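Each chain is listed here by its residues.
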Amino acid sequence: MKRISLTQYLIEEQRLNNSIPAELRLLIEVVARACKTISHAVGKGALGDVLGTAESENIQGEIQKKLDIISNEILLQANEWGGHLAAMASEEMETIHPIPNRYPKGEYMLLFDPLDGSSNIDVNVSIGTIFSVLKAPDGMATPTEEDFLQPGTKQVAAGYAVYGPQTVLVLTTGNGVHSFTLDREMGSWVMTQRNMQIPAETAEYAINASNARYWYPPVTRYIGELEAGKTGPRSKNFNMRWVASMVADVHRILNRGGIFMYPADQREPDKPGKLRLMYEANPMSLIIEQAGGAATDGKQRILDIQPTTLHQRVAVFLGSRNEVEMVTRYHTEE
Ligand code: AHG
Ligand code: MN
Ligand code: MN
């Protein structure tokens, strides 16, 4: 494959399909640059004094890691001044962050999980950044949380960076899923995969099985059948993987298929799962669908859910189409 940069891809995509206007290109390039900065900080580890816990909690009641806060700051600062955004929202901020008055405002709104997989930071396992881009509603004057509450189908772009053995950026603007590897010497993002496709069939699943005793019957049934292997109802052996960083689990599934699950369970019956709809489930669902996979909350397509709050949680089943359809059927057959 002829190697092209992220910039070249974005410009050519606009020329061919008119789908990435200049402001959106700027937005994506700024986010990609911020991810480069985060990748650099991650790579310094103990030498950069970026490991360990900060003395604060986020809105979800989770203890923040130093890197959660550092990554959030990097994304905010990078995106404030360019004139491409109206407002931002983040896992690490209780409410939205409108662009300060000293800067021009644009028509896009950016949501992010600045650092996904926080429990893996200090043990040198892959972590990442997830982002979602929406358009500001027509006639919006001062942005409010309401303006962000759009279903995932309205996303104009979504992506993630994974900080692993390689730093890779995966992006969709609604025309396929493409990945770019960070050339660390040159400091540039180089396209390394075009039109990624998830196989419909798979023999690999990802779930935190330590929660098995809290699962609802459809999940217990589905996982039981996978575990039963060759002599069970599925007549085939399945392998299990759980990185505990959604970015890394999704990245594996994009590359070789699989199903990722974070179901709602009976630990906290009022909570519909652990993952957050707006900046985890929605962007990942758009990417997965664009690569030929499927994503549901067990009952319905995640991208169709009308959000009601910025930090709302959702059950997630995503990946290879046939498996997602099966576990979704088990939920609806109940
Ligand atoms: P975050 O670090 O942004 O809070 O997200 C962590 C999420 C997700 O990345 C991962 O799939 C899941 O939490 C892991 O949950 P367990 O701790 O239950 O394994
Ligand atoms: Mn996360
Ligand atoms: Mn996070």
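Residues numbered from 1 in each chain as written. Chains lettered and ligands numbered in written order. Predicted model: local features only at pLDDT ≥ 70, side-chain atom pairs only at ≥ 80, totals over all residues. Heavy atoms only, no water.

**Quick word on the domain arrangement of the chain**
In many analyses, interface size is given as the accessible surface area lost on bringing the parts together. Worth spelling out the cut-off: The split of the chain into domains comes from an automatic or database domain assignment. The contact criterion used is simple: two residues touch if any of their non-hydrogen atoms lie within 4.5 Å. Note on definitions: buried area is the accessible-area loss of two parts on being combined, 1.4 Å probe, summed for both.
Here the domain parsing of the chain yields domain 1 (6-193) and domain 2 (204-332). The C-alpha centroid of domain 2 is placed 23 Å from the C-alpha centroid of domain 1. Listed per partner, the contact involves 47 residues of domain 1 and 32 residues of domain 2. In total, domain 1 and domain 2 occlude about 2,900 Å² of area from one another, counting both sides; carbon and sulfur atoms represent 61% of this. Sorting the residues of domain 1 by area buried against domain 2 places I130, L149 and Y160 first, and these three jointly supply 20% of that buried surface.

**A short note on the sheet that holds strand β12 (residues 239-240)**
Note the following rule: Two strands form a pair only when DSSP identifies at least two bridges running between them. The numbering of helices and of strands both runs from the N terminus, where a helix is a DSSP run of H or I of at least 4 residues and a strand a run of E of at least 2. Here, axes are lines fitted to C-alpha atoms. For helices the fit covers the stretch in contact, and angles between N-to-C directions go from 0 to 180 degrees.
As summarised here, the arrangement of the 5 strands in space is β12-β11-β13-β15-β14, forming an open sheet in which the pairing is mixed. Each end of this open sheet is capped by a strand with a single partner; those strands are β12 and β14 (294-296). Bridge count for β14 against strand β15 (residues 316-319) is 3 bridges, and the pairing is antiparallel. The residue bridging A295 from the neighbouring strand is L318, located in β15. Against the sheet, helix α8 (residues 321-333) touches β13 (259-262), β14 and β15, its axis set at about 155° to β15.

**Digging into the site of ligand 1**
Selection rule: When we say a residue is near a molecule or strand, we mean one of its heavy atoms is within 4 Å of it. Contacts described as polar in this section are N or O atom pairs within 3.5 Å, which, within protein, must combine one atom able to donate a hydrogen with one able to accept it, while residues neighboring in sequence count only if both atoms come from side chains. For every accessible area listed, the method is Shrake-Rupley and the probe measures 1.4 Å; residues are considered covered only by the protein chains on display.
Around ligand 1, a shell composed of 18 residues is seen, among which D116, G117, S118, M246 and Y262 lie nearest. A distance of 2.8 Å separates an oxygen atom of ligand 1 from a polar backbone atom of M246. For ligand 1, whose unbound accessible area comes to 470 Å², protein coverage reaches 87%. Residue assignment for the shell around ligand 1 shows that the elements contributing at least two residues are β5 (108-116) and β13. The element that contributes the greatest number of residues to the shell around ligand 1 is β5, accounting for 3 residues.

**A word on the coordination of the manganese ion (ligand 2)**
Condition: Water is not part of the atom set, so a site may look incomplete; the donors themselves are N, O and S atoms within 2.8 Å of the metal, or 3.2 Å for Na, K and Ca. Working definition: with a 1.4 Å probe on protein chains only, accessible area under 20% of the residue-type maximum means buried, over 50% means exposed, and in between means partly exposed.
Coordination of the manganese ion (ligand 2) by the protein involves D113 (OD), D116 (OD) and E280 (OE), with metal-donor separations of 1.9 to 2.1 Å. Ordering the donors of the manganese ion (ligand 2) by residue number gives the pattern D-x2-D-x163-E. Between the manganese ion (ligand 2) and the manganese ion (ligand 3), a spacing of 3.7 Å is present, and a bridge between the two is formed by D113. D113 gets classed as buried once you look at its relative accessible area, which sits at 0%.

**Quick notes on helix α7 (residues 277-290)**
The buried fraction of α7 is high, at 12 of 14 residues. Listed in full, the buried residues belonging to α7 are L277, M278, Y279, E280, A281, N282, P283, M284, S285, L286, I287 and I288. The positive-phi residue at the C-terminal boundary of α7 is G292, with phi of around 90°.

**Things to note about the coordination of the manganese ion (ligand 3)**
Summarising the metal site, the manganese ion (ligand 3) is bound by the protein donors E91 (OE), D113 (OD) and L115 (O), whose distances to it range over 2.2 to 2.3 Å. For the manganese ion (ligand 3), the single-chain donor residues occur in sequence as E-x21-D-x1-L.

**Examining the packing of helix α1 (residues 6-17) against helix α2 (residues 22-44)**
Quick reminder of the rule: Note on terminology: angles under 35 degrees are roughly parallel, angles over 145 are roughly antiparallel, angles of 65 to 115 are roughly perpendicular, and the others are oblique. It is the rotation of the near helix from the far one that decides the hand of a crossing: anticlockwise by less than a right angle makes it left-handed, clockwise makes it right-handed.
It is the contact of α1 with α2, at a shortest axis distance of 11 Å, that shows an interaxial angle of 160°. One finds that α1 runs roughly antiparallel with respect to α2. Classified by chirality, the crossing of α2 by α1 is right-handed. In this structure, α1 uses L6, T7, L10 and I11 to contact α2, whose residues at the interface are R25, I28, E29 and A32.

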